[in-house]
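In case you want the letters, here they are:
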Amino acid sequence: MILKSLQPNFKLKLLKRSLLLIITCCLLTACNVDYEMMASQRVKYAQKNQGEIVIVALQDSPRSHYIKGAMLAVEEINQQKGLLGRPLKLLVEQDSSDFATAKPTIRRIVSNPKVSAVMGHRNTAVAIPASAIYEKAQVLFFSPFITQEELTLHGFGYTFRMLADNKHLVKQMSSLGRVLGFKKIAVLYARADEHRKFALLFKETARNDFNLVFDQPFFGETLDFRPILSDLKQTAADVIFFSGGAKTASRFSKQAREMGIDIPIMGSRHLDSERFKTSAGVAGNKTIVPTPYNVQAKNPINQAFVALYRNKYRQLPDADAAQGYDSVMLFADKVKRARSTQPVLLTSIVRFSPPRTGISGIDRFNKEGNIQGKPYFFQVLNNDNWEMLSTANQK
């Protein structure tokens, strides 16, 4: 089967968008919480133009590098007399993997009129419904992890994506595959909605670049990949595209190498993690993953950030740390330009002010809140170390 035979289903996409809008409206009307009153109190606090400016970061791990990056940025800003002569305060809240558990925390956050922005939510199932609450309560939401297109499909004014979405990511992955000379590809993906959609999007995008010689879904809890790998071994694939979680990818890699399958594996951002690297060990060698940050970048802004981070935490920053730092610095830049924390003014400034240069690239947003022109970098795992690939976009 050749990828050229695949065609996108536009009617299905429109249906999904409509369903998302319906679900979002239900989320806002199915409870008695007065988000409009919260928004009004936020506006009144902003009008005073005095007192602390508060932002919230959601952490999913007590040792989150994302939080470390955000804390470093806040510390740096306050050493320079804060924002508009006012102190910037960072509140850290515990994130959750499901919306029902996260909802009380989200409501508590937006009930604080001093809160101007929220950063975080690693799980799409939490981030998308949470964005509806932030919208109604007029709190800026900077999403540093979510790449699914659905996040910005509802046309909200307070949601901003800090990473290029999956559509742009798979284009870069396809382009990288061409540069590396891959011709025949095997695609394996977990049946979970997120992983399945990512694999489908890649196949649609790459249909003119590669021959699809193997296409196999699997259940995320699969323990034994050997039957699948036995069939894959009979193909002439020169690369594997894998869409699944880090733990599953680690198990898959070990079994593939045990069976003598030593071709490169291209994975999603889920594999750009300490968990995958540690668990996979040497079996993870030749695994290629995208990352939004290149710690080796020679630009002065990044070099200054790396020096600050290393001096404070005695380690190099990773992509999460860079996202945390950049998100806070982006917010600070827009507050300075607006000379205010008025919610409506801030969301307009984020969209329409000149681009800002951050440590991982240019921050420029379109009307939908999607970041524009910010590329991914690619790294390959080699003996327990991520090494940047020397491709054109990495420089």
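Source: prediction; values computed, not measured.

> Provide a residue-level description of the pattern of salt bridges, including the pertinent values.
Overall, the coordinates contain 21 salt bridges when judged by the stated rule. For Asp-193, the salt bridge is made with Arg-196, and the minimal N-O distance between the two is 2.4 Å. Of the two residues, Asp-193 and Arg-196 are both situated in helix H7 (residues 193–205); the distance of three residues between them amounts to about one turn of the helix. One continuous salt-bridge network, built from bridges that share partners, spans Glu-150, Asp-193, Arg-196 and Lys-197.

> How would you sum up the packing of helix H2 (residues 35–48) against helix H5 (residues 124–137)? Please name residues and give values.
Packing of H2 against H5 brings their axes to within 7 Å, and their N-to-C directions diverge by 55°. Put simply, H2 runs oblique to H5. Packed against H2, whose contacting residues are Tyr-35, Glu-36, Ala-39 and Arg-42, the element H5 presents Ile-133, Lys-136 and Ala-137 at the interface. Considered class by class, the residues forming the contact of H2 with H5 number four nonpolar, no polar and three charged.

> Got a sec to walk through the sheet that holds strand S13 (residues 377–382)? Specific residues and values, please.
What the seven strands build is an open sheet, ordered S7-S6-S8-S9-S10-S13-S14; its pairing is mixed. The open sheet is flanked by strand S7 (211–218) and strand S14 (385–388), the only strands paired with a single partner. The average angle at which neighbouring strand axes cross in this sheet is 25°, direction not considered. With two bridges connecting them, strand S9 (residues 265–267) and strand S10 (residues 287–291) associate as parallel partners. Counted as the bridge partner of Ile-265 is Thr-287 from S10. Packed on one face of the sheet, H7 meets strand S6 (184–190), S7 and strand S8 (239–243) and runs near 160° to S6.

> Got a sec to walk through the nonpolar core? Specific residues and values, please.
Counting 43 residues, the largest nonpolar core has Ile-55, Leu-88, Met-119, Phe-142, Phe-305, Val-328 and Phe-331 as the members making the most contacts within it. Sorting the residues of this core by element identifies strand S1 (53–59), helix H3 (65–79), strand S2 (88–94), strand S3 (115–119), strand S4 (140–143), helix H11 (300–313), helix H12 (319–338) and helix H13 (343–352) as the ones contributing at least two each. If one sorts the elements of this core by residue count, H12 sits on top with 11 residues. Apart from the residues lying within four places of it in its own chain, the contact partners of Ile-55 are Val-74, Leu-88, Lys-89, Leu-90, Leu-91, Ala-117, Met-119, Val-328 and Phe-331.

> Describe the pairing of S1, naming the residues involved and giving the relevant values.
Note on strand geometry: in a regular strand, side chains alternate between the two faces of the sheet. For S1, a buried count of seven out of seven residues is recorded, marking the element as mostly surrounded by other parts of the structure. Neither face of S1 is open: one carries Ile-53, Ile-55, Ala-57 and Gln-59, the other Val-54, Val-56 and Leu-58, and all of them are buried. Sheet topology places S1 next to S2; seven bridges connect them, and they run parallel. Of the residues in S2, the one forming a bridge with Ile-55 is Leu-90. Taken together, S1, H3 and S2 form a β-α-β motif whose crossover is right-handed.

> So what's going on with the sheet that holds S3? Residues and values would help.
Paired through their backbone hydrogen bonds, the strands of a sheet run either parallel or antiparallel. What the five strands build is an open sheet, ordered S2-S1-S3-S4-S5; its pairing is parallel. Edge positions in the sheet fall to S2 and strand S5 (159–161), since each has one partner strand and no second. Sheet twist, expressed as the mean angle between neighbouring strand axes with direction ignored, is 20°.

> Please give an account of the packing of H3 against H12 that cites residues and values.
For the pair H3 and H12, the least separation of the axes is 6 Å and the interaxial angle reads 35°. The chirality of how H3 crosses H12 is right-handed. Contacts between H3 and H12 involve His-65, Tyr-66, Gly-69, Ala-70, Leu-72, Ala-73, Val-74, Glu-76 and Ile-77 on the former and, on the latter, Asp-320, Ala-321, Gln-323, Gly-324, Tyr-325, Ser-327, Val-328, Met-329 and Ala-332.

About the criteria used
- Residues numbered from 1 in each chain as written.
- Predicted model: local features only at pLDDT ≥ 70, side-chain atom pairs only at ≥ 80, totals over all residues.
- Heavy atoms only, no water.
- Salt bridge = Lys/Arg side-chain N within 4 Å of Asp/Glu carboxyl O.
- Helix = DSSP H or I, 4+ residues; strand = E, 2+ residues; numbered from the N terminus.
- Axes fitted to C-alpha atoms, helices over the stretch in contact; angles between N-to-C directions.
- Parallel < 35°, antiparallel > 145°, perpendicular 65-115°, else oblique.
- Contact = heavy atoms within 4.5 Å.
- Nonpolar A, V, L, I, M, F, W, Y, C, P; charged D, E, K, R; others polar.
- Pairing = 2+ DSSP bridges.
- Core = buried A, V, L, I, M, F, W, Y, C linked by side-chain atoms within 4.5 Å.
- Buried < 20%, exposed > 50% of the residue type's maximum accessible area, 1.4 Å probe, protein only.
- Right-handed = clockwise from strand over helix to strand, strands pointing away.
- Left-handed = near helix turned anticlockwise from the far one by under 90°.

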